[in-house]
Amino acid sequence: MKDSNNSVKTERIEGTIHHVVYESADDGYCVLKVDTGQKYPITIVGHCAQPNVGQHIAVSGHWIENNQYGKQFKADTIITELPKSKAAILDYLSSGVIRGIGKQTAELLLKHFGTDILNILSNTPDELRKIPGIGKRKCQQIADSWKTQQGASDVMIFLQSHQIGPARAIKIYKKYGTGAVDIIRDNPYTLYQDIPGIGFHLADKIAQSLGLDKNHPKRIQNGIFYVLQEHASNGHTTLIKQQIITQSCELLEVEIDHIEEQIAASCEENQIIETTVNNETLCSLTSLYEAERSIADKLVRMCQHTSHLPSYEKLNHAVAELTKSLGYVLSEEQQQALRTILGNKICVLTGGPGVGKTTLVQSIVYVLQKSHTRFILCAPTGRAARRLKESTGHEAKTVHRALGIDPISKQFQHNKQNPINTEYCIIDESSMLDVHITKHILSALPDHCGLLLVGDIDQLPSVGAGNILSDIIGLKRVPVVKLTQVFRQAQTSLIIRFAHQVREGVMPNFQVTDTGELQDCYGIFVKDNDKVISKIQHMISQRIPEKFSLDPIRDIQILCPMQKGKLGAVALNKALQSHLNQSNVLLQSHGLTLRLNDKVMQTRNNYEKDVFNGDIGYICGHNEEKQIISIMFEDKVVDYFYDELEEITLAYAMTIHKSQGSEFKAVIIPLTGEHYVMLERNLVYTAMTRAKQLLIIIGDQKALRIATQKQSAKTRMTLLEHMLDQQFMDSL
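The rules behind these values
- Residues numbered from 1 in each chain as written.
- Predicted model: local features only at pLDDT ≥ 70, side-chain atom pairs only at ≥ 80, totals over all residues.
- Heavy atoms only, no water.
- Helix = DSSP H or I, 4+ residues; strand = E, 2+ residues; numbered from the N terminus.
- Rg over C-alpha atoms; globule rule 2.2 N^0.38 Å.
- Contact = heavy atoms within 4.5 Å.
- Areas by Shrake-Rupley, 256 points an atom, 1.4 Å probe, with all protein chains shown as cover.
- Pairing = 2+ DSSP bridges.
- Axes fitted to C-alpha atoms, helices over the stretch in contact; angles between N-to-C directions.
- Buried < 20%, exposed > 50% of the residue type's maximum accessible area, 1.4 Å probe, protein only.
- Polar contact = N/O pair within 3.5 Å; in protein donor to acceptor, adjacent residues only side chain to side chain.
- Domains from an automatic or database assignment.
- Buried area = accessible area lost by both parts, 1.4 Å probe.
- Salt bridge = Lys/Arg side-chain N within 4 Å of Asp/Glu carboxyl O.
- Patch = residues over 30% accessible without salt bridge, like charges linked within 9 Å, V, L, I, M, F, W, Y side chains within 5 Å.
- Lys, Arg positive; Asp, Glu negative; His and termini not counted.
- Charge placed at Lys NZ, Arg CZ, Asp CG, Glu CD.
- Phe/Tyr/Trp six-rings, centres within 6.5 Å; stacked < 30°, edge-to-face > 60°.
- Lys NZ or Arg CZ within 6 Å of the ring centre and 35° of its normal.

J.: Describe the overall build of the protein, with residues and values.
T.: When helices and strands are counted, the protein shows 27 helices and 26 strands. The C-alpha atoms of the protein give 29 Å as radius of gyration, which agrees with the globular expectation for 732 residues (27 Å, within 12%). Contacts spanning at least 24 positions in sequence make up 66% of the contacts within the protein whose residues lie at least 6 apart. Carbon and sulfur atoms provide 46% of the accessible area of the protein, an area that totals close to 33,900 Å².

J.: With reference to specific residues and values, describe the sheet that holds strand 20 (residues 616-623).
T.: Read from one edge to the other, the open sheet built from five strands follows the order 22-21-20-19-23, with strand pairing classed as antiparallel. Strand pairing shows two members of the sheet lacking a second neighbour, strand 22 (637-641) and strand 23 (648-650), which therefore form its edges. Looking at each pair of strands side by side, their axes are set apart by 45° on average, direction ignored. Here strand 19 (residues 599-602) pairs with strand 20 via three bridges, running antiparallel. The residue bridging Met601 from the neighbouring strand is Ile616, located in strand 20.

J.: Break down helix 19 (residues 435-443) for me, with residues and values.
T.: Within the sequence span of helix 19, burial applies to Val435, Ile437, Thr438, Ile441, Leu442 and Ser443. Among the structural elements, helix 12 (286-304), helix 18 (399-403), strand 12 (424-427), strand 13 (450-455) and helix 20 (468-475) are those in contact with the buried residues of helix 19. Structurally, the start of helix 19 carries an N-cap: the backbone nitrogen of His436 is 3.1 Å from a side-chain oxygen of Asp434.

J.: Requested: an account of the pairing of strand 7 (residues 272-277), with residues and values cited.
T.: Judged from the six bridges that link them, strand 7 and strand 8 (residues 280-285) form a sheet pairing that is antiparallel. Bridge pairing links Ile272 to Leu285 in strand 8. The antiparallel pairing of strand 7 with strand 8 creates a hairpin that spans two residues between the two strands, and Asn278 there sits at a positive phi of about 50°.

J.: Any details on the domain arrangement of the protein? Residues and values, ideally.
T.: In terms of domain boundaries, the protein breaks down into domain 1 (193-282), domain 2 (292-485) and domain 3 (506-709). Of note, the centres of domain 2 and domain 3, computed from C-alpha atoms alone, are 30 Å apart. Taken residue by residue, the interface counts 21 residues in domain 2 and 26 residues in domain 3. Three residues, Arg383, Arg401 and Leu460, lead the burial of domain 2 against domain 3; their summed loss comes to 35% of the area buried on that side. Along the contact surface separating domain 2 from domain 3 lie three salt bridges. A salt bridge links Glu634 to Arg386, with the shortest nitrogen-to-oxygen separation between them at 3.5 Å. Our enumeration of links across domain 2 and domain 3 arrives at 12 residue pairs in polar contact (both at pLDDT 80 or more). At the level of secondary structure, the elements contributing two or more residues to the side of domain 2 that touches domain 3 comprise helix 17 (382-392) and helix 18. Take the side of domain 2 that touches domain 3: its biggest share by element is five residues, from helix 17.

J.: Can you tell me about a negative patch on the surface, naming the residues and giving the values?
T.: Negative charge collects at one region of the surface, where Glu255, Asp257, Glu260 and Glu261 lie side by side. One can find Glu255 in the loop between helix 10 (241-252) and helix 11 (256-268). Look at Glu255 and you get exposed, because its relative accessible area is 57%.

J.: Summarise the packing of aromatic side chains; cite the residues concerned and give the values.
T.: Describing an aromatic ring pair means giving the distance of the ring centres and the angle of the ring planes. Counting across every chain of the model gives seven aromatic pairs. When the ring of Trp63 is compared with that of Phe73, the centres are 5.1 Å apart and the planes differ by 75°; the resulting orientation is edge-to-face. With a gap of 10 residues between them, Trp63 in strand 4 (residues 56-66) and Phe73 in strand 5 (residues 70-81) connect regions that are remote in the sequence. Taking the relative accessible area as the measure of exposure, Trp63 reaches 18% and is therefore buried. Taking 5.1 Å as the distance between ring centres and 25° as the angle between the ring planes, the aromatic pair formed by Phe200 and Tyr226 counts as stacked. You can see Phe200 sitting in helix 8 (residues 200-209) and its partner Tyr226 sitting in helix 9 (residues 217-233), a full 26 residues away along the chain. On the basis of relative accessibility, which here comes to 1%, the residue Phe200 falls in the buried class. We classify Tyr226 as buried; its relative accessible area is 16%. Ring pairing ties together the aromatic residues Tyr189, Tyr192, Phe200 and Tyr226, which thus form one cluster. Seen from the ring of Trp63, Lys71 lies directly overhead, with NZ or CZ sitting 4.7 Å from the centre. The ring of Tyr640 carries Lys609 above its face, with NZ or CZ at 4.9 Å from the centroid.

Below, the structure written as structure tokens:
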């Protein structure tokens, strides 16, 4: 609809939200069905913060004709208002928008208070206790949830006036509460540090709209910190000073003098630390520098401190009983490795798949048990810890659990002042350790404690900053045991053979799998992305369960190079959910559709619930009245209120990075040209080594060849190796 000047005619529409068809958790984009008093609801598309059924909205925009969905009203602005009619209020309160109010409670509230209920929630919420079943605790829960919901509106008005979209505005409000406006006015740059999805450029735009001068020290310092933090997000703990100056000048568009002046000021304020290595001046964020310094100091101190381990003779006596007790014979390489590990207080054990690392760790655990040595087993993730427990028969914990998290303060209970009561520590999947968690676990170990780091340096490095395992190995001052002999039973596995070939840069020959007999590794090459998706669906739902007797949801895992894209984890999760799980929809929340029995994953550490980033579970219950989704994890059922479900995502497919430290009975890896930017040898190698019984690589053969040959991952810039070398030299 256009006016005579050929411009789009803006109209204003008011109505009540009848149904939220779609809502993006990222930017607040939504598709709404809205009652406007006409015979049928109209479709409105636009950005709105937390739209809920029953809300009254005032919308400005214009009509469009969508090729697929027909006539829609495209909103320029959507202003939400509280519902007015009794029916709309009932719909609104029943929608789950207020924690503690479900449909039954909403009906009781309306019956008792009528349309005045919204005023009571705002001003005199204690009156809710007049309702049977609403005690002091539930009343407080409802009041707090209402306050959060309504308090966001003032903050939203301020934020949207500074070009912050509704979805981000809600995140900001959840982080800072009613003090959000004051916090942003004081230092808008806290936004890019605290709020996912808000980068430096947007924070800088807000700062300048608030009147901050282009050359203001606060702006320049935060620009410098941003440059360092961006490199830290790529694994680097330090950066050449001249690089920081150059990149900060480009980012901030200011003169070099201003950058140099603020680097000096940041050093004075102990926010940045300068150091010189090989005549090159490097700069580090203080937190990263101190973490690496702490690691270096602790490792050297542990090496020098007298061990509390039993004598080598006593340990050797337990070694002699290994074969008789465990029923297997160690190879000569493993026996030599065992002697090296038991003969040194700190050691590294590394090697690829099928070389006997697990068997060797089992043997070490047996020797420690027989010699009555106190020891702990841990790993960076819950799934890696469970694998360690299964393989050794001994309790294993995540590093976080070993440190003992206080759920309230979020502080570790074990530290330098309160060390873990142990004489030996084995950390599996050590390639995943970043500098911060390594600092904490080493600080919590007594100086007399022995330490074994187990890992494969050819896999992906840690998500966080640092290169712990490679730095320690590269220094060559700590004994390193590298197993290379692939065992006979492993030699028959194509998974292991092909994984070793990829690690060495050799393209696997999948023609050897075309024998007519069942193998454990296949390559299926098609170029059409749509065919890749349909083949994956067919394999998971029919071929693999029929041929290999594996459960399509619990035993098979899709591992994707990327999160986004047609063959990314997000799109494949939607495709697989609709194909594999026909259960009724329980809830649509935060851009997710959740069904009973859905396979889901926790996406951040939650110490109060005792679930951690990467833990996989299955939806097992739903209480609509209490607004709770129940999820069965490995050993417990955990309840999530609706507004906590942003911590959960579907897990039929996940990124390869997210799979680190895990093993699955069957793994399917889609690889196409779409993934070109991520194709890398260590990425594919990591994915291949997640498979225990079956591995299928599907997609474009050229993409696999590129990944196999490409090893352009830049070496991480860190200070740990240099610090360790200095510390060992000083201790001589």
